[in-house]
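Tertiary structure, described
Here are the chains, one letter per residue:
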Amino acid sequence: MKLTLKHQFFFGTLFILLVFIFMVPNLLSKGMFVDGEYYATIARNMARGQGNLWAPIVTVSEGPFYDHPPLVFGLESLFFRALGDSFLVELLYSFITFAVTIFLIIRVWKLTVGETEYAWLPLLLWVLTPLVYWGYVNNLLENTMGVFCLASFVFLLNAWRNKRHQFFNYLLAGSALSAALLSKGPVGLFPLVIPLLYWITTRKIVFNDVVVSTGSLIVIPCIVFAVLWLYAPAHYALYTYFNKQIIASLTGTNMVGLNVDKYIMIKELSNQFIPIFVIIGVVISVWWIWFRKHTLENKNGLALFFLLVAISASFPIMISKKQYIHYALCSMPFYTISAAIFILSEVRFWVSKINFNIKPLKVFTWVMFFAMAGILVFSLARTNKNWRNNDVLDDLDRMNNELPKGHYVQCTAETLYDFYLKIYLYRFYDVSFTEDNRLTDYYIARKENLPRVPAGYKLIVNGTTHYFLFKKIGG
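Our focus in this paragraph is the pattern of salt bridges. Applying the stated rule across the entire model yields 16 salt bridges. One salt bridge connects Glu142 with Lys184, and the closest N-O pair in it is separated by 2.3 Å. Here Glu142, found in helix H7 (residues 141-161), pairs with Lys184, found in helix H8 (residues 166-184); they are 42 residues apart in sequence, far enough to count as distant. Taken as a pair, Glu142 and Lys184 share a single burial class, namely buried. Of the charged contacts in the structure, one is a salt bridge between Arg438 and Asp436, with a shortest N-O distance of 2.9 Å. A cluster of three or more residues bridged by salt bridges with shared partners is formed by Arg44, Arg48, Asp85, Glu90, Arg427 and Asp430.

Next comes the structure, spelled out in structure tokens:
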């Protein structure tokens with residue numbers, strides 16, 4: 001069944017409502033996952049001349065940051081250059097990657113499934129995945145890498161469909177894969193298997209297309225990295241990253257709180273897919289009980305293709321000792337497209353039976369609009385409020401007038417590893433940690449370390465609960 005604009009409007013509105021519920025309230029408030037705050041700080045520093053693309057820095061008291069390839073920092077720094085230093089910049093950048101990912105999911109759906117009017121189905125399943133709405137408000141590197149991986153697939157599909165511009169699309173596909181690798185490293189390699197899997201499961205391309213497209217995805221990144229290898233700063237940065245992060249992650253030598261369960265990724269993925277499992281279960285059960293006499297078209301080969309791509313994007317992470325569920329964020333569009341294709345025929349049948357002119361659906365549409373308006377008002381009211389790590393941010397807000405902005409503050413050895421405190425101090429106040437009392441008259445201590453504050457320091461800010469700021473008497 002072809003959906004009318006009224007049908008598409010209803011489901012599109014439902015998708016936007018879910019975005020408002022899960023994401024918008026946190027897009028105007030301060031605080032995010034520590035990794036995302038690190039990346040935002042590095043990009044902000046780069047925008048104002050502290051560090052550069054091949055030697056990014058977190059704070060002035062530390063050496064260059066080589067834990068990840070630098071492309072995302074460079075791209076995000078452009079936003080800071082254009083828009084200034086507000087904490088909203090990193091949230092805007094992260095949300096733009098979300099919006100571009102939506103566009104690419106729709107494009108992939110159109111080029112593979114072909115029923116654009118049902119593109120809302122994978123989007124609904126995608127945004128119901130907890131990792132998705134968590135990842136895109138926390139400025140993860142996977143957000144940008146996912147854009148490049150999806151873009152690489154879109155360019156491959158364009159090349160297979162349009163022989164006239166095939167070479168150009170292969171060039172773009174290989175370039176997008178190179179950008180994915182420069183965003184988060186080897187976890188972005190999974191598009192390499194897409195041509196072969198597409199041929200095996202759908203037979204919509206010939207084997208020659210597999211050879212040429214796979215060759216493009218190998219040769220072009222090799223050329224890009226060979227050129228970078230000849231540039232000394234890039235060579236040093238990438239070599240250091242490879243040894244410090246990739247080798248160390250495989251051996252587990254760079255892990256604090258090491259995940260020793262090698263099956264943790266499968267367990268975490270299963271938790272993420274609970275909403276999708278419930279939806280699929282309901283759809284299949286209802287169909288089997290009441291409508292099984294109807295014969296429906298299926299596209300199980302295409303659903304299998306997306307599932308295999310998703311597995312290739314997430315399961316190889318298990319070879320690393322370092323496993324976190326957000327590393328699998330780039331696989332989520334493929335998992336949800338696969339699930340959407342699997343239930344598409346049933347959903348199409350049910351939608352054909354719905355009369356969207358009945359009063360209850362009209363009322364529900366208006367309820368969705370009022371709900372979005374309410375969420376927007378609530379979110380605007382929380383602008384500049386602290387929604388995460390309140391113990392750190394609230395205390396720093398109280399210290400604001402006394403912090404030695406642009407300078408150092410002394411701390412204990414334990415506090416050096418209080419990563420949230422360290423990154424918020426530099427992101428919002430340009431204050432760096434030091435253990436050298438010759439560099440500063442200021443001292444910051446966590447509550448449990450108060451007995452270790454050196455003699456000769458006076459508490460200068462009252463009202464804090466977890467962190468306390470002191471200044472040397474006579475300093």
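Here the narrative resumes, following the displayed structure.
Moving on, we get to the state of the cysteines. The full count for this structure, using the stated rule, is zero disulfides. Unpaired in this structure, Cys149 has its nearest cysteine sulfur neighbour in Cys330, at a distance of 5.1 Å. Considering cysteine sulfurs only, Cys149 is the nearest to Cys222, which forms no disulfide, with 16 Å between them.

Take the packing of helix H4 (residues 88-112) against helix H5 (residues 120-127) next. Interhelical geometry of H4 versus H5 gives an angle of 140° and a closest axis separation of 9 Å. Relative to H5, H4 is oriented oblique. Along this stretch, H4 crosses H5, giving a crossing that reads as right-handed. Residues Phe98, Thr101, Ile102, Ile105, Ile106 and Trp109 of H4 lie in contact with H5, whose contacting residues are Pro122, Leu123, Trp126 and Val127. Here the contact of H4 with H5 is built from residues that sort into nine nonpolar, one polar and no charged.

Okay, helix H11 (residues 232-251) next. Along its 20 residues, H11 runs 27 Å from first to last C-alpha, staying within 8% of the 28 Å computed at 1.5 Å per residue. Bending of H11 peaks at approximately 30° at the position of Phe242. Those residues of H11 not exposed but buried are Ala234, Ala237, Leu238, Thr240, Tyr241, Gln245, Ile246, Ala248 and Ser249. At its buried positions, H11 is contacted by H8 and helix H10 (207-230).

Next up on the list: the packing of aromatic side chains. Within this structure, the stated rule accounts for 33 aromatic pairs. Ring geometry for Phe95 against Phe98: centres 5.6 Å apart, planes inclined by 35°, an arrangement best described as tilted. Residue Phe95 and its partner Phe98 are both found in helix H4; the two are separated by three residues, about one turn of the helix. Its relative accessible area of 28% is what places Phe95 among the partly exposed residues. Centre to centre, the rings of Phe153 and Phe306 are 6.1 Å apart; their planes meet at 75°, and the pair counts as edge-to-face. In this pair, Phe153 is assigned in helix H7 and Phe306 in helix H14 (residues 300-314), connecting sequence segments 153 residues apart. Residues Phe153 and Phe306 agree in their burial class; the two are buried. Taken together, the aromatic side chains of Phe153, Trp160, Phe190, Tyr198, Phe305, Phe306 and Phe334 make up a single cluster linked through ring pairs. Over the aromatic face of Phe428 sits the side chain of Lys30, whose NZ or CZ is 4.4 Å from the ring centroid. For the cation-ring pair, Arg203 lies above Trp199, with the distance from its terminal atom to the ring centre recorded as 4.0 Å.

Calculation notes
- Residues numbered from 1 in each chain as written.
- Predicted model: local features only at pLDDT ≥ 70, side-chain atom pairs only at ≥ 80, totals over all residues.
- Heavy atoms only, no water.
- Salt bridge = Lys/Arg side-chain N within 4 Å of Asp/Glu carboxyl O.
- Helix = DSSP H or I, 4+ residues; strand = E, 2+ residues; numbered from the N terminus.
- Buried < 20%, exposed > 50% of the residue type's maximum accessible area, 1.4 Å probe, protein only.
- Disulfide = S-S within 2.5 Å.
- Axes fitted to C-alpha atoms, helices over the stretch in contact; angles between N-to-C directions.
- Parallel < 35°, antiparallel > 145°, perpendicular 65-115°, else oblique.
- Left-handed = near helix turned anticlockwise from the far one by under 90°.
- Contact = heavy atoms within 4.5 Å.
- Nonpolar A, V, L, I, M, F, W, Y, C, P; charged D, E, K, R; others polar.
- Expected span 1.5 Å × (residues − 1).
- Bend = angle between axes of the 7 residues up to and from the residue.
- Phe/Tyr/Trp six-rings, centres within 6.5 Å; stacked < 30°, edge-to-face > 60°.
- Lys NZ or Arg CZ within 6 Å of the ring centre and 35° of its normal.

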